[in-house]
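The chain contents come next:
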Amino acid sequence: MPSKFLWSSTPDAAPAPSPDRFRPADEAAGSDSGNGLPNARKLASGPSADALDATPGAAPGAKPGAASVTAALTRSSSGKEDLRELEAGLDSLQSDSIRKARIDWSRILLPVAALAVLVILWQLYVSLGFKRRDIVPGPMDVISQIGTLWSEGKLQEAVWTSLQRGVVGFLISVVIATPVGLLLAQVAPLRRAFGPLISGLQVLPSVAWVPAAILWFGLTDATVYFVVFMGAIPSIINGLISGVDQIPPQYRSVGKVLGASRLQLALQIILPAALPGYLSGLKQGWAFSWRSLMAAEIIAVGGTIGFGLGSMLDQGRVLSDMTIVMSAILLILAVGILIELLVFAPIEKRLLRRRGLLAGSTR
């Protein structure tokens, strides 16, 4: 007979589950080769399959593809059927995102509709006769003048000259401003010393630099580029600093633990993490450079400075021809909008999508 001391020294075992809990399932599913174990495949296909498919954390109105992926990942079995279900769910999610990207016509139709409304209101105001046609020309008058400038070759020359100056000046500004911004963001004494100066230069109107640039460089392209630099560089620096300030401190800690040098930390961790703020600074820098360029071309006329959109605008003022003035204004506006839509908007949208920040956005 076993000793009671042996029974008392044995640890208390967990109570075994009652056989009654498994009896209905055993009777419904049978056993595997008579070994008394319930058949998992049959149990999964029985009435309890719905309970297995239902994921506790799944939203009530989740997409079918997301539900399939969740069900396949949380299911206990790992057969070929689950793998096929998982692939089908992933394909469904991918096809939904592609379908949404293709069907979104509002990005084209809404701007076109807004432009059409503005043109109609413009024509209505001209038709009411509040101002003379030589002071406020109609849309057709401006379109006719644009056609005349195109046939004379002035429009192509003006757009190409201004666009070339703007792009070259902006790229040089990016090359100068990026290392300066990283240096100021990383070195606290330099930021405290030069940060207020950079912010003051950003607030200073770029047109204020035009007279000084004319005295320093004369009526040459150097005058135009200098004004562009002074307009774009402070905005890019402040945008990069703002992006660096939004980086979680854990990123720097991880980089130091992994043995990254200061240069590797700046180029491989801090700069990629600061891309959203840096991109905002680039957009603002382009806007300031384009505005600075127009101001320089309007004031600095003659010499070796070519014929740009600002020169066309000043020429319309000298000739008192509002159709030329309006044509130049619309062309300046069109170039700025196209650069935003074709360059910055796709880059920003792709960056936000890769970081999961596009959900809930109105872009």
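Residues numbered from 1 in each chain as written. Predicted model: local features only at pLDDT ≥ 70, side-chain atom pairs only at ≥ 80, totals over all residues. Heavy atoms only, no water.

With that settled, consider the packing of helix H9 (residues 154-186) against helix H15 (residues 275-299). It is at 9 Å that the axes of H9 and H15 come closest, and there the two elements cross at 135°. With respect to their mutual orientation, H9 and H15 come out oblique. Here H9 runs over H15; the crossing is right-handed. Packed against H9, whose contacting residues are Ser162, Leu163, Arg165, Gly166, Val167, Phe170, Val174 and Thr178, the element H15 presents Tyr278, Leu282, Gly285, Trp286, Ser289, Trp290, Leu293, Met294 and Glu297 at the interface. (Axes fitted to C-alpha atoms, helices over the stretch in contact; angles between N-to-C directions. Helix = DSSP H or I, 4+ residues; strand = E, 2+ residues; numbered from the N terminus. Parallel < 35°, antiparallel > 145°, perpendicular 65-115°, else oblique. Left-handed = near helix turned anticlockwise from the far one by under 90°. Contact = heavy atoms within 4.5 Å.)

The next point concerns the confidence of the model for the chain. Mean pLDDT over the chain: 76, with 70% of residues reaching 70 or higher. Here residues 1-63 is a poorly scored stretch, pLDDT under 50, and it has 32 contacts once near neighbours within four places are set aside; other chains count. In this model, residues 94-99 is a region of pLDDT below 50 whose contacts with residues beyond four sequence positions or in other chains number 1 contact. (pLDDT = per-residue confidence, 0-100.)

The subject of this paragraph is the pattern of salt bridges. Applying the stated criterion across every chain yields a total of 9 salt bridges. Among the salt bridges present, the one from Asp141 reaches Arg133, with a minimum N-O distance of 2.8 Å. Assessed through its relative accessible area of 27%, Asp141 is described here as partly exposed. Shared partners join several salt bridges into a network, and the residues in it are Arg165, Asp221 and Glu297. (Salt bridge = Lys/Arg side-chain N within 4 Å of Asp/Glu carboxyl O. Buried < 20%, exposed > 50% of the residue type's maximum accessible area, 1.4 Å probe, protein only.)

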